[in-house]
Amino acid sequence: MEFGGTLFGCLLGFLGWFVIRYGLMGFYTVNQNERAVKTVFGRADRIPGVTTLNDPIAESLTPEERERYTYPQVRVIQPGGPYFKWPWERIYKVSIATETISIAFDPENRSLNQGGTVLEAVTKDQLNIGLSGQLRYRISERNLYAYIFGVKNPIAHVMGYFVSILRERIAGFEAPHAAEEAVDISKMAGVSINDLRKNLRDLNEHMDRECVSSSARYGIVLDATLITSIDPPPEVESALAAINTAQNQVSSEISLAHAGADQKIVQSRRAVEIETLKAQAEVEPLNALAAQLTELKRSGPAALSTYLRNVRLKVFGQTEHAILEVKP
Amino acid sequence: MNALISLLGAAIVTFCAAWFVVPVALWGLRMFGTYAIVQEGTCRVYVLFGKVLGVLREPGLHLLWPRLGPQAALVNWLGTCQVLDMRLDQQYLRSQPVNSEEGAPMGIGIWYEMYISDPVFYMFKNADPQGSLSANVGNATVRTLSNLPLGSMLEDRHAMSQAVRGDVSPKSVEWGYKLGSVYIRKVHFRDVGMIKQIEEKVVNRLRQVTSAITQDGVNQVSIISSTAERQASIEFGKANAMRPKIVGEALQKISSDPDVANTMFEILELGKIAESKARVTLVPAQGSELLAQLLAAQPKSA
């Protein structure tokens, strides 16, 4: 009887352990910003016969890259729960929230690049410049296998890939010249630092375009490249500032010259108007008098001479000295 | 009562023991090669008495006895089980020294990806495949990229990457270690003096541009001013010509009738004489010319 009780106790103890170990400890949840992948005996829960090559994210890969970056598609556990797992199953959770990282961050040595703040690059005119900015990324829900199981250090890969493309772009960057664009001396000078600063948006867009395959390669989506500053060495910066000052000064002088020229042209046009009006003012009394005399002439042949004699009378009134010829 | 105590005691002891006994039992089963679990991204290579007994590449649960035979029971005791990381790895070789065609001392940073393609070759063909691959990539970089023109060294990086990759890949395959993507991550000048010289060159160029901009501005201002001067002169000329034009036209019109014109000018002359308040001396029309001259020569006060 006692042996039976002990055996029953053992059974009960084992059952209790089983319920706790295999039951209660098997529940888990997935947060809103998380996605999870389950492995069964170490093997990820795959979708049979489907790889990343079947997904549109692989479209940007070259044929040769498609061979190398082929990862199985896995079943992604969406946020929610509680879910249940057996002890031989393991849950890998990753946050898919967007993260930001400095473009100068070196995952292998954080003290490099001035403590991960400035990334050096060489421009087309062989000038050393410093870039700073951020890289926004998130883990791709469509290629979780690559991020969790396929790549040893995905961030190191993404940074290596990104920095290579960025430096290559900067080394060959030349501003696009529009046909109708006016000739700009600073562009003719081949100073690519100015081109880079003026076309920062192009640079960012190029990076977004070129790095689009990072999702298929490493399971990380590059959301945006935000280059915030491009700094040349101090002496070059000062020379660039002198260019900008000269440009500002020139444009100010040109504005002044335009203003002066406009004023002079307007003044000259006004002068024409003034002279015209003056001459018209001079002519109007003559026209009026002539018209009146013409009218007077029409009234009779002697009208003009009579009127003239009448006018003379006024002058006679002012006469001080007259010598009159008298008939004998 | 005793029965209840022994039941509870047995239950508690069993409950506590199960936490240790079950894992130890499973470990024992694994040690005797009953089963093995291959995690994702890993590979297991079993070696017994100097021979490769088997390679487990597929992740999941594997029963070793049917796969490896009875030797599976010994392999964990007398042999080895190497777990290899099959994930994609990367390495960055910083500042590999090369010279450009022009002789400029340059540094090339080359970044490459690699992964194990054949676990057995990886383990036994080369004692340090990773180090050898790194040395090969470094060597290929120096060999392939030395004496390239500076311009292409800075700009044509894709071609350079392809060249290094093509050079290194065949050898690395022999060691069971494949090269993935290769990127020229950095091309930089090693000589500080050269960097300074380039800076000076750029600064001089910028100064040249500055004076060109200033000169261009002066020229533009001159063009604007002289264009305006020309246009203004034309307009001022027009202004000066307005009076003769308008007055002349009016007089020409009036002169079409000589009587009217003569009368009008007579009236105007008389009017001006009257307005001037001058002293008027009348002389006879047929009088002596001398008289008129004498009168004109007479002083005003007289």
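That block above? That's the structure.
Every value quoted in this text rests on a predicted model; they were computed, and no experiment measured them.

Cut-offs used in this document
Once a new chain begins, its residue numbering starts again from 1 and follows that chain's sequence as written. Following the order in which they are written, the chains are lettered starting with A and the ligands numbered starting with 1. In view of the model being predicted, local features appear only for residues whose pLDDT reaches at least 70, and side-chain atom pairs are presented and counted only at 80 or more, with totals across whole chains, interfaces and linings using the full set of residues. The basis for every side-chain value is the complete set of heavy atoms in the structure, and neither hydrogens nor water enter the calculation. The contact definition used throughout considers only heavy atoms, calling two residues in contact when any of these lie within 4.5 Å. Throughout, buried area stands for the accessible area (probe radius 1.4 Å) lost by two parts on being put together, summed over both. Whenever Lys or Arg places a side-chain nitrogen within 4 Å of a carboxyl oxygen from Asp or Glu, that contact is recorded as a salt bridge. Residues adjacent in sequence count toward polar contacts only when both atoms are side-chain atoms; beyond that, a polar contact is any pair of N or O atoms within 3.5 Å, and within protein one must be able to donate a hydrogen and the other to accept it. The method works on a 1 Å grid over the protein atoms by themselves. A cavity is a set of points holding a 1.4 Å probe that cannot get out, a pocket is an open set with protein on both sides within 12 Å along at least five of seven lines, and residues with an atom within 4 Å of a point line them. Grid points are joined across faces, edges and corners, and a volume is the space filled by probe spheres set on the points. Here a strand is any run of E in DSSP of at least two residues, a helix any run of H or I of at least four, and the numbering for each starts at the N terminus. Asp, Glu, Lys and Arg are counted as charged, while Ala, Val, Leu, Ile, Met, Phe, Trp, Tyr, Cys and Pro are counted as nonpolar; the rest, among them Gly, fall into the polar class.

Regarding the interface of chain A and chain B
Right, so step 1: The interface of chain A with chain B comprises 109 residues on the first partner and 99 residues on the second.
Right, so step 2: Summed over both partners, the interface of chain A with chain B comes to about 9,400 Å²; 66% of that surface belongs to carbon and sulfur atoms.
Right, so step 3: The interface formed by chain A and chain B includes 14 salt bridges.
Right, so step 4: The shortest N-O distance in the salt bridge between B:Asp257 and A:Lys297 comes to 2.9 Å.
Right, so step 5: Counting every contact that joins chain A to chain B gives 27 residue pairs in polar contact (both at pLDDT 80 or more).

Here we look at the layout of surface pockets
Right, so step 1: Here the largest pocket defines a volume of roughly 780 Å³.
Right, so step 2: As for the largest pocket, its lining consists of 29 residues, and the residues nearest its centre are A:Thr70, B:Arg57, B:Met86, B:Tyr115 and B:Ile116.
Right, so step 3: Elements with a contribution of two residues or more to the lining of the largest pocket: α2 (63-68) and α4 (144-150) of chain A together with β7 (105-116), α7 (157-174) and β8 (177-189) of chain B.
Right, so step 4: Classifying every residue of the lining of the largest pocket gives 12 nonpolar, 7 polar and 10 charged.
Right, so step 5: Its boundaries defined by the atoms lining it, the second largest pocket holds a volume of some 620 Å³.
Right, so step 6: Around the second largest pocket sit 26 residues that line it, and A:Trp88, B:Leu26, B:Arg30, B:Tyr35 and B:Ile37 are the ones nearest its centre.
Right, so step 7: At the level of elements, α1 (2-23) of chain A together with α1 (2-31), β1 (35-38) and β2 (42-48) of chain B are the ones that each hand at least two residues to the lining of the second largest pocket.
Right, so step 8: Looking at which element gives the most residues to the lining of the second largest pocket, the answer is α1(B), with 8 residues.

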